[in-house]
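A structural walkthrough
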Amino acid sequence: MKQLHIIEPKLKNMQGHYVRYALEISLAAIKEGFEPICWINTESTWKIKSVLRKNGIKVEPIFNDNGLFVKKIKTCNWLWTAFQYCYSLNLIRKRSGKNDKIITFSGNIENFLGPLISSILYPKIPPLIFQFMLWETVEMKTRLNLQHFMIYRVTELVARRCLIASNIRIISQTETLAEYIQKRIGIKAPVAPMIVDWNSIQQTHGSTRKNMNVIGYIGNIRPEKGFHLLAGGLLEFGKECKNFSAIIQVNPVNSEYFKHVSPLISKLKKGHRIKLIEGLLSENEYADLLNTIDIIILPYDPHKYSLHRSSGIFTESIGLGKVAVAHKNTWMGYIIDRYQVGVTFSEYSSTSLSIALKQVLSEYETLKYNSNRLRNEWIQKNQPDYFFSKFILANN
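Being a predicted model, the structure only gives us computed values, none of them experimental. (Residues numbered from 1 in each chain as written. Predicted model: local features only at pLDDT ≥ 70, side-chain atom pairs only at ≥ 80, totals over all residues. Heavy atoms only, no water.)

1. Observations concerning the overall build of the protein chain
To keep things clear, this is the line we draw: The secondary structure listing takes helices from DSSP runs of H or I that are at least 4 residues long and strands from runs of E that are at least 2 residues long, numbered from the N terminus. When a residue's accessible area, from a 1.4 Å probe over protein chains only, is under 20% of the maximum for its type it is buried; when over 50% it is exposed; and in between it is partly exposed. Every residue pair with non-hydrogen atoms within 4.5 Å of one another is taken to be in contact. Calculation of accessible area relied on Shrake-Rupley with a 1.4 Å probe; when residues are assessed, cover is drawn exclusively from the protein chains displayed.
Across its full length, the protein chain holds 17 helices and 13 strands. Here the protein chain holds 396 residues, and 55% of them are scored as buried. By sequence separation, contacts in the protein chain at least 24 residues apart represent 75% of the contacts at least 6 residues apart. Carbon and sulfur atoms form 52% of the exposed surface of the protein chain, whose accessible area is close to 18000 Å².

Structure (structure tokens):
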């Protein structure tokens, strides 16, 4: 039986969208007669393994973040990841057939070196689809030094020389990232859709008409997601506007940053129209919250998200006909301005966000109409079956 190998070192817990991507593309593979196999992190929780196996997906825990010297020597992170990619791809090569496929979703320049080396060492590995979700992570930007810069350059040079003749096909998550990849390594990276299980998040029961718009924030409390901006902007906005309510998820993952925003959280708790939901959300809780919200705020830092980095929460929100607010120089802002489905702000400040919230309320009916008009096209494009047929079956 032909196999689809999904290589995902970031699959550790149920946070984020990586589990959903792996699950949905695996189910699409099963429909096409493939046996899906997920190569994941050894630190992955039992819940991830249970969810995958329950859906007929074989699990191979292989990636380990605590390898030799990794904790002591930060530069080894890159080399250790490259070694593990080579090791897993060699195992796949030994057991694969001619019709097998390989894909990795959470790609960036840091974990691209392993597949490149493997394409040289093992030229007969099955076709590999490498999706760039972003070029570099937030952590990579903060620790960039001469050693990392050299590895960047080595990876780029190897890519320029080897990609054309190799069986690696790269794809990107956004148009702007595709342009940047072509500029850096001279290779076209077709834009792939997001993979969304719309059935799991679309509201099945009738929606109730609210007498005021519900503004919402969903996600972890991290510096790059701009929770400080959200809290400050919402508090400032609430002093002047009364015809709204807000639901904010409070899920701290960065203890130092959480201490910084704790005073703001205390102020939010005192807001009469602001409800805080603490901790992780289950899939059903997430879907319910997403359907309840009318206006989704994504106050992400443009220097860390930029025009290259996409958002699963934003993608799902647009597919549900929501109106969005984001910084102009992010991918979310690019989509908002392109389709007129929300409001963007230029200055990264609480005051600018507050002004954007006032504008989105005043123009809500028009923006909501535009979002609903885009909705069907957006859903059809961001489907796992469409992704599989266009980017995996077509990759020969």
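Text resumes after the structure shown.
2. Topic: the sheet that holds strand E1 (residues 3-8)
Strands pair in a sheet through their backbones, by hydrogen bonds, and they do so in one of two ways: parallel or antiparallel. Basically, it comes down to this: Being paired, for any two strands, means DSSP has found at least two bridges between them. Note on definitions: angles span 0 to 180 degrees between N-to-C directions of axes, and those axes are lines fitted to C-alpha atoms, for helices only across the stretch in contact.
Taken in spatial order, the 6 strands line up as E3-E2-E1-E4-E5-E6 in an open sheet, and their pairing is parallel. The outermost strands of the open sheet, each flanked by one partner alone, are strand E3 (58-63) and strand E6 (168-172). Averaged over neighbouring strand pairs, the angle between their axes works out to 20° when direction is ignored. For strand E5 (residues 128-132) and E6, the ladder comprises 5 bridges, and the chain directions are parallel.

3. Some words on the side chain of Ser311
Applied cut-off: Identification of polar contacts relies on pairs of N or O atoms within 3.5 Å, with a donor-acceptor requirement for protein atoms, meaning one able to donate a hydrogen and the other able to accept it, and with residues adjacent in sequence counted only if both atoms are side-chain atoms.
Tracing the backbone shows Ser311 in the loop between helix H12 (302-305) and helix H13 (312-319). The class for Ser311 is buried, based on a relative accessible area of 6%. In this structure the side chain of Ser311 is engaged in a polar contact, spanning 3.1 Å, whose partner is the backbone nitrogen of Phe314. In contact with Ser311, other than residues within four places in its own chain, are Met194, Leu298, Tyr300, Trp331 and Met332.

4. Overview of the pattern of salt bridges
When charged atoms on two side chains of opposite charge get close, those side chains can pair. Inclusion rule: Whenever Lys or Arg places a side-chain nitrogen within 4 Å of a carboxyl oxygen from Asp or Glu, that contact is recorded as a salt bridge.
If you walk through the whole model with that rule in mind, you get 13 salt bridges. Of the charged contacts, one joins Arg184 and Glu156 as a salt bridge, the two residues approaching to 2.7 Å between their closest N and O atoms. Remark: Glu156 occurs in helix H6 (residues 146-162) and Arg184 occurs in helix H7 (residues 175-185); sequence separation between them is 28 residues. Overall, the relative accessible area of 26% leaves Arg184 in the partly exposed class. Relative accessible area serves as the criterion here: at 1%, Glu156 is assigned to the buried category. Residue Glu175 is joined to Arg338 by a salt bridge in which the shortest nitrogen-to-oxygen separation is 3.4 Å.

5. Quick look at the side chain of Thr155
By the secondary structure assignment, Thr155 is in helix H6. Judged by its relative accessible area of 0%, Thr155 is buried. Aside from chain neighbours lying at most four places away, what touches Thr155 is Trp78, Ile109, Phe112, Leu113 and Leu116.

6. Details of the packing of helix H9 (residues 227-240) against helix H15 (residues 350-362)
This is how the line gets drawn: Angular relationships are summarised with four words: roughly parallel below 35 degrees, roughly antiparallel beyond 145, roughly perpendicular across 65 to 115, and oblique for the angles in between. The hand of a helix crossing depends on one turn: near helix anticlockwise from the far one by less than a right angle means left-handed, and clockwise means right-handed.
Contact pair H9 / H15: the axes reach a minimum separation of 8 Å and the direction vectors enclose 55°. Comparing their axes, H15 and H9 come out oblique. Taken as a pair, H9 and H15 cross one another with a handedness that is right-handed. Residues His228, Leu229, Leu230, Gly232, Gly233, Leu234, Glu236, Phe237 and Glu240 of H9 pack against Ser350, Thr351, Leu353, Ser354, Leu357, Lys358 and Leu361 of H15.

7. Observations regarding the environment of Thr292
Checked against the element boundaries, Thr292 lands in helix H11 (residues 283-292). In this structure the C-alpha to C-alpha distance between Thr292 and Asn213, which are 79 residues apart in sequence, comes to 9.7 Å. Within the structure, Thr292 has its side chain in polar contact with the backbone oxygen of Asp288 (distance 2.7 Å).

8. A short note on the nonpolar core
Definition in use: As used in this record, nonpolar core signifies buried Ala, Val, Leu, Ile, Met, Phe, Trp, Tyr and Cys residues forming a set joined through side-chain atoms within 4.5 Å.
Judged by nonpolar contacts, the single largest core of 59 residues is most densely connected at Phe105, Phe314 and Phe387. At 7 residues, the largest contribution of residues to this core is made by helix H1 (residues 18-31). Apart from the residues lying within four places of it in its own chain, the contact partners of Phe105 are Ile6, Ile7, Glu8, Tyr21, Ala22, Ile25, Gln131, Met133, Ile195 and Phe387. Among the nonpolar cores identified, the runner-up in size contains 32 residues, and Val261, Leu268, Phe345 and Ala356 belong to it.

9. Concerning helix H16 (residues 364-381)
Formally: Here, expected helix span is obtained from the residue count minus one, scaled by 1.5 Å. One fitted axis covers the seven residues ending at a residue, a second covers the seven starting there, and the bend at that residue is the angle between these axes.
With 18 residues, H16 extends 25 Å from end C-alpha to end C-alpha; this agrees with the ideal 26 Å at 1.5 Å per step. When the local axis directions of H16 are compared, the greatest deviation, roughly 40°, occurs at Arg375. When we look at burial in H16, the residues that qualify are Tyr364, Leu367, Asn370, Ser371, Leu374, Trp378 and Ile379.

10. Observations concerning the pairing of strand E7 (residues 213-217)
Burial within E7 is extensive, with 5 of its 5 residues counted as buried. Covered by surrounding structure in E7 are Asn213, Ile215 and Tyr217 together with Val214 and Gly216, the residues of both alternating faces. Across 5 bridges, the pairing between E7 and strand E9 (residues 244-252) is parallel. Following the sheet pairing, Ile215 is matched in E9 by Ala246. Relative to strand E11 (residues 295-298), E7 runs parallel, the two being bridged by 2 bridges. Pairing of Gly216 across the sheet is with Ile296, part of E11.

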